[in-house]
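Each chain, written out:
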Amino acid sequence: MRDWEARQVALRNAIQHVVFCDVREERPLGTFDGGPYDVVSSMFLLSTVGKDRADFDEILSKLCSLVKPGGTLILVCDLEATRYTDGRVSYPLITLDAPYIRQAVRNSGFTDVEDDILFFRSTEGMNWDGTSYIYLTARKCAE
Ligand SMILES: C[S@@+](CC[C@H](N)C(=O)[O-])C[C@H]1O[C@@H](n2cnc3c(N)ncnc32)[C@H](O)[C@@H]1O
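Anyway, here's the lowdown on the structure attached to this text.

Cut-offs and rules
Within every chain, residues take consecutive numbers counted from 1 along the sequence as written. Restriction of local features to residues with pLDDT of at least 70 applies here, the model being predicted, together with a cutoff of 80 or more for giving and counting side-chain atom pairs; totals for whole chains, interfaces and linings are based on all residues. Calculated side-chain values reflect all of the structure's heavy atoms, with hydrogen atoms and water omitted. A helix here means a DSSP run of H or I that spans at least four residues, while a strand means a run of E at least two residues long, and both kinds are numbered starting from the N terminus. A radius of gyration in this sense is built from C-alpha atoms; the matching globule rule multiplies 2.2 Å by the number of residues raised to 0.38. Relative accessibility decides the category of a residue: with a 1.4 Å probe and only protein chains considered, values under 20% of the type maximum give buried, values over 50% give exposed, and everything between is partly exposed. Contacts between residues were defined by any pair of non-hydrogen atoms, one from each residue, lying within 4.5 Å. Per-residue and other accessible areas follow the Shrake-Rupley method at a 1.4 Å probe size, with only the shown protein chains counted as cover for residues. His is not counted, nor are the chain ends, whereas Lys and Arg count as positive and Asp and Glu as negative. To locate a charge, the coordinates of NZ of Lys, CZ of Arg, CG of Asp or CD of Glu are taken. Only a single heavy atom is needed: when it lies within 4 Å of a molecule or strand, its residue is near that molecule or strand. Two N or O atoms count as a polar contact when they lie within 3.5 Å, although within protein this holds only if one can serve as hydrogen donor and the other as acceptor, and sequence-adjacent residues are included solely when both atoms are side-chain atoms. Under the convention adopted here, Pro, Cys and the residues Ala, Val, Leu, Ile, Met, Phe, Trp and Tyr are nonpolar, Asp, Glu, Lys and Arg are charged, and Gly plus all remaining residues are polar. Any two of the Phe, Tyr and Trp rings considered here, Trp counted by its six-membered ring, make a pair once their centres fall within 6.5 Å; the pair's planes then place it as stacked at under 30 degrees, edge-to-face at over 60, or tilted in between. Lysine and arginine charges are scored as sitting over a ring when NZ or CZ, respectively, is within 6 Å of the ring centre and within 35 degrees of the ring normal.

**As for the overall build of the chain**
Point 1. Helix and strand counts for the chain come out as 4 helices and 6 strands.
Point 2. In the chain, the succession of α and β elements from N to C terminus is α-β-α-α-β-β-β-α-β-β.
Point 3. Against the compact-globule benchmark of 15 Å for 143 residues, the chain has a radius of gyration of 16 Å, which places it among compact chains.
Point 4. Principal-axis analysis of the C-alpha atoms places the extent of the chain at approximately 45 × 40 × 30 Å.
Point 5. Classification of the 143 residues of the chain by burial places 30% in the buried group.
Point 6. A sequence separation of at least 24 residues applies to 65% of the contacts in the chain between residues at least 6 apart.
Point 7. Of the roughly 9,200 Å² of accessible surface on the chain, 51% is carried by carbon and sulfur atoms.
Point 8. Averaging the coordinates of the 16 positive side-chain charges in the chain and doing the same for the 22 negative ones gives two points 2 Å apart.

Written out as structure tokens, the structure is:
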């Protein structure tokens, strides 16, 4: 078994629940009462769901409420993108840049914000018009 396959099996075996999540809600996981959590990750979600930067901040703070003090947030976001398509429909994205995201995460009560940015040489043929992806981690401050 290759390394990524072993990780896939380990991840599947570690999953205890699959629950509905709406990051627009005050309690994103509804009545499911498992949190707050040591680690919360969100991949390519916030710029899709939000309407503008103010909305992004609000949704981010709801997501962050799921992280326990001292816990870790993992965020992956598109940078400088305006739209993506699933091949049939084109969807708008909030156009974000790295400094804005870092500051929004700090404003939501996090420290030790670290990130890597993956730049694309070309987006020709891709379903998306951004420049890069940011992979960010941060630690929630103690209350
Ligand atoms: C661009 S996709 C990313 C999916 C996946 N995270 C990935 O990396 O492939 C955006 C996702 O946001 C989800 N979504 C849309 N509105 C949402 C909401 N209010 N709360 C939680 N998720 C939402 C959609 O169902 C969709 O799966």
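Having seen the structure, we can now continue with the description.
**Some thoughts on the side chain of S47**
Point 1. Relative to the elements of secondary structure, S47 occurs in helix α2 (residues 46–49).
Point 2. The class for S47 is buried, based on a relative accessible area of 1%.
Point 3. If near-sequence neighbours (up to four positions away) are discounted, S47 is found in contact with D78, P92, L93, I94 and L96.

**Some thoughts on the site of the ligand**
Point 1. Lining the immediate environment of the ligand, one finds C21, D22, V23, M43, F44, L45, T48, V49 and Y84.
Point 2. Measuring from a nitrogen atom of the ligand, one finds a backbone N or O atom of C21 at 3.4 Å.
Point 3. Bound to the protein, the ligand loses 49% of the 590 Å² it would expose on its own.
Point 4. Residue composition of the shell around the ligand, by class: 7 nonpolar, 1 polar and 1 charged.

**Focus: the packing of aromatic side chains**
Point 1. Counted by the stated rule, this structure contains 6 aromatic pairs.
Point 2. With a centroid separation of 5.2 Å and an interplanar angle of 25°, the aromatic rings of Y84 and Y91 are classed as stacked.
Point 3. Exposure remark for Y84: the relative accessible area of 25% places this residue in the partly exposed category.
Point 4. Measuring from centroid to centroid gives 5.4 Å for F120 and W128, while their planes differ by 70°, and the two rings are edge-to-face.
Point 5. Look at F120 and you get partly exposed, because its relative accessible area is 26%.
Point 6. A network of ring pairs unites the aromatic residues F44, F120, W128 and Y133 as a single cluster.
Point 7. Between R53 and the ring centre of Y100, over which it is positioned, the NZ or CZ distance is 4.3 Å.

**Examining the environment of D116**
Point 1. Relative to the elements of secondary structure, D116 occurs in strand β5 (residues 110–119).
Point 2. C-alpha of D116 to C-alpha of A98: the two residues are 18 residues apart in sequence and 9.8 Å apart in space.
Point 3. Apart from residues lying up to four places away in sequence, D116 is in contact with Y133, I134 and Y135.

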